[in-house]
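Inside the fold
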Amino acid sequence: MATALSEEELDNEDYYSLLNVRREASCEELKAAYRRLCMLYHPDKHRDPELKSQAERLFNLVHQAYEVLSDPQTRAIYDIYGKRGLEMEGWEVVERRRTPAEIREEFERLQREREERRLQQRTNPKGTISVGIDATDLFDRYEEEYEDVSGSGFPQIEINKMHISQSIEAPLTASDTAILSGSLSTQNGNGGGSINFALRRVTSAKGWGELEFGAGDLQGPLFGLKLFRNLTPRCFVTTHCALQFSSRGIRPGLTTVLARNLDKNTVGYLQWRWGVQSAMNTSIVRDTKTSHFTVALQLGIPHSFALISYQHKFQDDDQTRVKGSLKAGFFGTVVEYGAERKISRHSVLGAAVSIGVPQGVSLKIKLNRASQTYFFPIHLTDQLLPSAVFYATVGPLVLYFALHRLVIKPYLRAQKEKELEKQRESTATDILQKKQEAEAAVRLMQESVRRIIEAEESRMGLIIVNAWYGKFVNDKSKKSEKVKVIDVTVPLQCLVKDSKLILTEASKAGLPGFYDPCVGEEKNLKVLYQFRGVLHQVMALDSEALRIPKQSHRIDTDG
């Protein structure tokens, strides 16, 4: 009698939502929900062949959900990794007496084995492009010197330096990784490049080592060794020693960093560097959800300085951050302030103004796109000119807001619509099937709903007058958008028990008699109900828990 469920059907069901139980539901709660749905969908209760066939499908789906959630082992796998976890090869050899923690470890082991088979196909490319621009002619120009020169009416803006670097990682085994990197640099017509190869081995859970070999046209061969080691759970040390061969002989170098977690958000560093530019540095870095603070002091040859910087992280969708820093040393003082903001899913745009003595004023623009970084330092003037500071601060803000309104926002809106349309097309068949199943479930509920309404009316209890689920458009600025809702009055009334309706914290698209009418869009549930002869109304978010009746839902009819 039972019909088999397809793999796609099982993969698109939320078992907790289907049974309308909490994720922390006890065995008794699961059993009660299962029995109630079995009584509703049992095929033997329906004589019509079409209804009987639909009842079989829904009955089997409920049975599948109960089988997974009532077994401690399969429930632990489902809770941690979802239905995909149940499909992982290798579970047949796992002992059923294992605890959820042991199951998690076993699943992670199976995942590692699968990842090891894919190591040869994985790389981690990283790159940086830096273009230095000399725009001092905009502010330090003497007009009288160029009066007789043809074409001198326009300031001269030049690219005076450029740097390009790229690296890729190639995992060889689970513990060995090869790293290939290269760079090219040029400044005022002179430049050079280098190439490096490194082999990193993870020796244990506490440390790793790396051998480095390099060569370049400006410098000779380079041999280096890096070591990392966790000394304690809160303390680690890194050491980097190198031998640089050149026409002047061998230049040895050594850098050692000792770090300790002072608390869960604060790390202290001690660094000692010996070589061409020897120095000792100490710093404290505190990073929280809303801020990033750094204070550092360096004593060295030829440069010593003190640094303090602060960054505030706004808790918005664009991950906006504003920052400021002060650095003072033997070679002058620099004040820097700026901001960065996420402009798309994988892109972050930032700008900073640097004001220093004797460095002058510079504007730094940076774009991070996935693992690629594009950096544009623009030197505006060697002097501290208020006009340069003003334009370096206001110019990027005006340009950003103009681009964001005229280019970025329309582009992101078009991309979102394109993705939604693609998602609708890819799920069109599944949504049609879900709609048919929901309509069949509603037909199967009719008799039960009639009895529930009669019982609730006799005690002046809870009657669902109307209920809609989907996308509601209330904002006048979005009048052109189409309302996409479905009538869920019958499914909600069917869930009423003892004049109460309780919906758990999960997407309501998985409830019996529901389906998703607008894939990928924000949805709500709107309910108009009657309790003790008085009308009530409530609007709830898709994944929001809901309990009715409530006094706060009452519609005020005074006046």
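The protein has the name J domain-containing protein in an unreviewed UniProt entry, where Rangifer tarandus platyrhynchus is given as its organism. What UniProt records for the protein under Subcellular location (unreviewed entry) is the sentence "Membrane".

Within the protein one finds 8 helices and 23 strands. Residues classed as buried in the protein amount to 34% of the 559 residues present. A sequence separation of at least 24 residues applies to 44% of the contacts in the protein between residues at least 6 apart. Total accessible area computed for the protein in this model is approximately 34,300 Å², and 56% of it derives from carbon and sulfur atoms.

This part takes up the nonpolar core. Leu19, Val21, Leu30, Tyr41, Val62, Leu69 and Met445 are the most contacted members of the largest nonpolar core, which has 30 residues in total. For this core, the secondary structure elements donating two or more residues are helix H2 (15-19), helix H3 (27-41), helix H4 (49-70), helix H7 (386-458) and helix H8 (489-494). At 9 residues, the largest contribution of residues to this core is made by H4. The residues contacting Val21, other than those within four sequence positions of it, are Tyr16, Glu29, Leu30, Ala33 and Thr504. In this structure, Leu495, Leu511, Tyr529 and Ile548 belong to the second largest nonpolar core, which totals 24 residues.

Right, let's get into the pairing of strand E18 (residues 462-471). Burial of E18 is extensive: 7 of the 10 residues sit out of reach of the surface. Sheet analysis places E18 next to strand E21 (residues 524-531), joined by 8 bridges and oriented antiparallel. Pairing of Ile464 across the sheet is with Tyr529, part of E21. Bridge count between E18 and strand E19 (residues 484-487): 4 bridges; the pairing is antiparallel. Bridge pairing links Lys471 to Lys484 in E19.

Before going further, it helps to spend a moment on the confidence of the model for the protein. Across the protein, the average pLDDT comes to 83, with 85% of residues at 70 or higher. Scored below 50 in pLDDT, residues 1-12 makes 29 contacts in the model with residues more than four places away or belonging to other chains. Throughout residues 90-97 the model reports pLDDT below 50, and contacts reaching past four residues in sequence, or to other chains, amount to 14 contacts.

Here H3 is 15 residues long and its end C-alpha atoms lie 21 Å apart, about the 21 Å a rise of 1.5 Å per residue gives. The set of residues buried in H3 consists of Leu30, Ala33, Tyr34, Leu37, Cys38, Leu40 and Tyr41. Within H3, the buried residues cover an arc of 160° as seen down the axis, which keeps them to one side. For H3, exposure combined with an orientation more than 90 degrees from the buried face picks out Glu28, Arg35 and Met39.

What counts as what
Residues numbered from 1 in each chain as written. Predicted model: local features only at pLDDT ≥ 70, side-chain atom pairs only at ≥ 80, totals over all residues. Heavy atoms only, no water. UniProt positions renumbered as here; feature names shortened; annotations may be inferred. Helix = DSSP H or I, 4+ residues; strand = E, 2+ residues; numbered from the N terminus. Buried < 20%, exposed > 50% of the residue type's maximum accessible area, 1.4 Å probe, protein only. Contact = heavy atoms within 4.5 Å. Areas by Shrake-Rupley, 256 points an atom, 1.4 Å probe, with all protein chains shown as cover. Core = buried A, V, L, I, M, F, W, Y, C linked by side-chain atoms within 4.5 Å. Pairing = 2+ DSSP bridges. pLDDT = per-residue confidence, 0-100. Expected span 1.5 Å × (residues − 1). Arc of directions from axis to C-beta.

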